[in-house]
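Spelled out from the first residue to the last, the chains are:
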Amino acid sequence: MRQDLFICPRCRTQLERVTPDQVTCPQDGLEFRKEAGVWRFLLPESEAHYARFIADYETVRRLEGRGSPSADYYRALPFKDLSGRHQADWRIRARSFNALVKNVLTRLQAPLVRSLKIIDLGAGNGWLSNRLSAQGDRVIAVDLLVNEEDGLGTWKFYEHSCTPVQAEFHHLPVMDRFADAVIFNASLHYSENYAETLKEALRVLSPDGWIVIMDSPVYRQGSSGAKMVEERAEQFKTKYGFASDHLQSENYLTYARLKELARELDLKWRFTTPFYGLRWMVRPLIAGLSGRREPAKFHLIVGKVIKS
């Protein structure tokens, strides 16, 4: 990835290269380094804000048995979970990925005569970035976590390279209009302000590019989403001893919220719903008959700027 693609995440000034693994901002004097293969662009003032969230999240993921010391485990994702611990989760990711490639990326690339430039937001252990890089796409993988089991440090396990970057959604260290696609990889619901997060995504998106929201929970009623958040907090307290709610994340989407964001940001949404199996199809019916809250839907949501 060319070094001049990076900008200061605070003031957006183009960074100057000091060494191959260090850049500096001529405006703010901030220095950013590549450590253990991962570019560290988390702003100093943001480190304390995210510290407890990162610690809690890593604790939960570790106790859930995420990650593996085997490169084969990571390279098989999302189509096989060689650990056998989270096969249902990865079946969903696999179907989401297939829908992403078929319904979004193939169509986006068709009029171009080059590979796609993609930002994978919430890249986690890098499975999506690896799959996209294998197809020839140029990928920047963005996440807060940098550990080597379930964060950006897993880059070392993959045979296809991307650019791992630790950064926050609101302060991306990427030049304007770089990306053909910005993919929120099961991650938009962690945002503390959807409008601000999407504005930053639009800044780094090319004029003809697409925003993709993948594997974030969507509800008809906001009360159902609020109930889900309450249930999850109670489950976490019981199982892990803490609620893991130190970020004021929005946590879920509703169709009304998506319409509101579309109006505010001049976007048009297109929905695709991957087939996750018959069991998923009947979940709303079972929930209604048993008096439980509505279950979330998981769409592939594509946003395009409405051109005047």
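See the structure shown above.
This text gives an overview of the structure that appears in the document. Keep in mind that this is a model prediction, so the values were computed, not measured. (Residues numbered from 1 in each chain as written. Predicted model: local features only at pLDDT ≥ 70, side-chain atom pairs only at ≥ 80, totals over all residues. Heavy atoms only, no water.)

Topic: helix 3 (residues 87–109)
Because an α-helix completes one turn every 3.6 residues, residues spaced three or four positions apart along the sequence face the same direction. Quick note on the threshold: By the criteria applied, helices consist of DSSP H or I runs no shorter than four residues and strands consist of E runs no shorter than two, each listed in order from the N terminus. Here, expected helix span is obtained from the residue count minus one, scaled by 1.5 Å. Across the chain, bend at a residue is computed as the angle between axes fitted to the seven residues ending at that point and the seven starting from it. Whether a residue is buried, partly exposed or exposed follows from its accessible area with a 1.4 Å probe, protein chains only, as a fraction of its type maximum: under 20%, in between, or over 50%, in that order.
End to end, helix 3 covers 31 Å across 23 residues, agreeing with the expected 33 Å (1.5 Å per residue, within 8%). The principal kink in helix 3, of about 40 degrees, is found at V101. All buried positions along helix 3 are accounted for by W90, I92, A94, S96, F97, A99, L100, V101, N103, V104, L105 and L108.

Some details on helix 1 (residues 44–63)
The test is simple: We call two residues contacting when some pair of their heavy atoms lies within 4.5 Å.
Here helix 1 spans 29 Å end to end across 20 residues, near enough to the 28 Å set by a 1.5 Å rise per residue. The sharpest bend along helix 1 measures roughly 45 degrees and falls at Y50. The complete set of buried residues in helix 1 reads S46, Y50, F53, I54, D56, Y57, V60 and R61. Of the surrounding elements, those touching the buried residues of helix 1 are helix 6 (222–240). Of the residues trailing helix 1, G65 is marked for its positive phi of about 80 degrees.

Here we look at the environment of R203
Relative to the helices and strands, R203 resides in helix 5 (residues 194–203). When the C-alpha atoms of R203 and P173 are compared, they prove to be 11 Å apart, with 30 residues separating the residues in sequence. The residues contacting R203, other than those within four sequence positions of it, are I7, R12, L172, V174, M175, D176 and R177.

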